[in-house]
Amino acid sequence: SVAGNIAVPANDTYVAGQALNFTVTFDENVTVAGTDSTRCLTIGGTTRSATFASSTANSITYTYTVQAGDADADGIAVGAISSGTSTIRDAAGNNANLTLSGHVPATTGVLVDAVAPAVAGNISVPANATYVAGQTLSFTVTFDENVTVTGTDSTLGLTIGGTGRSATFASSTANSITYTYTVQAGDADADGIAVGAISSGTSTIRDAAGNNATLTLSG
């Protein structure tokens, strides 16, 4: 049977690509035959499975790699072990008692945030007018959650009269970034400028958990 509490991930916020490890220790040595045993998890109301990773003389470790889109703000839940077609037995051939009741420590601090910030609504563009050399075109991109901007070389692509231009980073707030372009002598566009894509350059645009923002502006 299970001996003491199982080992669960440290309290933290986990993002896509990070591993959640769970180690179940038994009160005697066991032999594991097969690798398809799993342990059930609930992440934000969604059922996931931590899969067999390794075993020692008296323990089994299961691992779940956080997927993009996973989110749990009040702590994951740890469920039952399923042996699948594997066997977990002692030297005498007794199947291990896989009951975890009373052995799962609190996981309210094991949080998951693998949801990337995304652009919220329409970006703010310059007012309809005819702009001349020296005037500034400002564009503000607002995200659906707070972001931290590190660096100042991200840009917003523009097309002015068939010529590619870049609006450069001007400022940021808790959840938005403003890019500006100063009209140059010789610029001309009689049917409206076009707004292209954001390029992050060497800058990062991330939420508090460290997820890189999705910079898609389509729509």
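These numbers come from a predicted model, not from an experiment.

Here strand 15 (residues 176-182) lies mainly inside the structure; five of its seven residues are buried. Where strand 11 (residues 136-142) lies against strand 15, seven bridges are found, and the strand directions are antiparallel. Bridged to threonine 136 within strand 15 is threonine 182. In this sheet, strand 15 lies alongside strand 14 (residues 163-172) in antiparallel orientation, the contact comprising four bridges. Opposite threonine 168, over in strand 15, you have threonine 180 as the bridge partner. Connecting the antiparallel pair strand 14 and strand 15 is a turn made up of three residues.

The subject of this paragraph is the sheet that holds strand 8 (residues 77-82). Sheet architecture is open: five strands sit in the order 2-6-5-4-8, paired in antiparallel fashion. A single partner strand is all that each edge strand has here, and the edge strands are strand 2 (19-25) and strand 8. On average, each strand axis in the sheet is tilted by 30° relative to the strand beside it, whichever way the strands run. Note that strand 5 (residues 46-55) and strand 6 (residues 59-65) share four bridges and pair antiparallel. The partner of serine 54 across the bridge, within strand 6, is threonine 61.

As a further point, take a nonpolar patch on the surface. On the surface, a nonpolar cluster with roughly 210 Å² of combined accessible area is contributed by Val125, Ile193 and Val195. Secondary-structure assignment places isoleucine 193 in the loop between strand 15 and strand 16 (194-199).

What follows deals with the sheet that holds strand 15. Reading across from one edge, 11-15-14-13-16 is the order of the five strands in this open sheet, with antiparallel pairing throughout. One side of each edge strand has no neighbouring strand; the edge strands of this open sheet are strand 11 and strand 16. Mean inter-strand twist for the sheet, computed between neighbouring axes without regard to direction, equals 30°.

Glancing now at the nonpolar core. Counting 27 residues, the largest nonpolar core has Leu20, Phe26, Tyr62 and Ile88 as the members making the most contacts within it. Those elements that place two or more of their residues in this core are strand 2, strand 4 (38-43), strand 5, strand 6, strand 8 and strand 10 (110-113). Apart from the residues within four sequence positions on either side, phenylalanine 26 is in contact with Ser1, Val2, Ala3, Asn58, Ser59, Ile60, Ile88, Ala96, Asn97 and Leu98. The next biggest cluster of nonpolar side chains, apart from the first, holds 19 residues, and it includes Val141, Val147, Val149 and Ile160.

Time to look at the pairing of strand 4. Relative to strand 5, strand 4 runs antiparallel, the two sharing six bridges. When the sheet's bridge partners are listed, arginine 39 is paired in strand 5 with alanine 50. Hairpin connection, strand 4 to strand 5: the antiparallel pair is bridged by two residues, and glycine 44 has positive phi, about 60°. Inspection of the sheet shows strand 4 paired to strand 8 by four bridges, in the antiparallel sense. Residue pairing in the sheet places threonine 42 in a bridge with alanine 77 of strand 8.

Take the pattern of salt bridges next. Scanning all chains against the criterion turns up two salt bridges. The partner of aspartate 70 in a salt bridge is arginine 48, and the shortest N-O contact between them spans 2.7 Å. Here the residue aspartate 70 occupies a position in the loop between strand 6 and strand 7 (71-72), and arginine 48 occupies one in strand 5, the gap between them amounting to 22 residues. In this structure aspartate 70 comes out as buried when scored by relative accessible area, which is 3%.

The subject of this paragraph is the environment of serine 37. With respect to the helices, strands and loops of the structure, serine 37 is situated in the loop between strand 3 (31-33) and strand 4. Among the residues examined, serine 37 registers a relative accessible area of 0% and is labelled buried. Considering only alpha carbons, one finds serine 37 and tyrosine 62, 25 residues apart in sequence, at a separation of 8.6 Å. Each residue touching serine 37, except ones within four places of it in the same chain, is listed here: Thr51, Phe52, Tyr62, Ser82, Ser83 and Ser86. Engagement of the side chain of serine 37 in a polar contact is seen with the side chain of tyrosine 62, the distance being 3.0 Å.

Definitions and limits used
Residues numbered from 1 in each chain as written. Predicted model: local features only at pLDDT ≥ 70, side-chain atom pairs only at ≥ 80, totals over all residues. Heavy atoms only, no water. Buried < 20%, exposed > 50% of the residue type's maximum accessible area, 1.4 Å probe, protein only. Helix = DSSP H or I, 4+ residues; strand = E, 2+ residues; numbered from the N terminus. Pairing = 2+ DSSP bridges. Axes fitted to C-alpha atoms, helices over the stretch in contact; angles between N-to-C directions. Patch = residues over 30% accessible without salt bridge, like charges linked within 9 Å, V, L, I, M, F, W, Y side chains within 5 Å. Areas by Shrake-Rupley, 256 points an atom, 1.4 Å probe, with all protein chains shown as cover. Salt bridge = Lys/Arg side-chain N within 4 Å of Asp/Glu carboxyl O. Core = buried A, V, L, I, M, F, W, Y, C linked by side-chain atoms within 4.5 Å. Contact = heavy atoms within 4.5 Å. Polar contact = N/O pair within 3.5 Å; in protein donor to acceptor, adjacent residues only side chain to side chain.

Any link to function would need more than the numbers given here.
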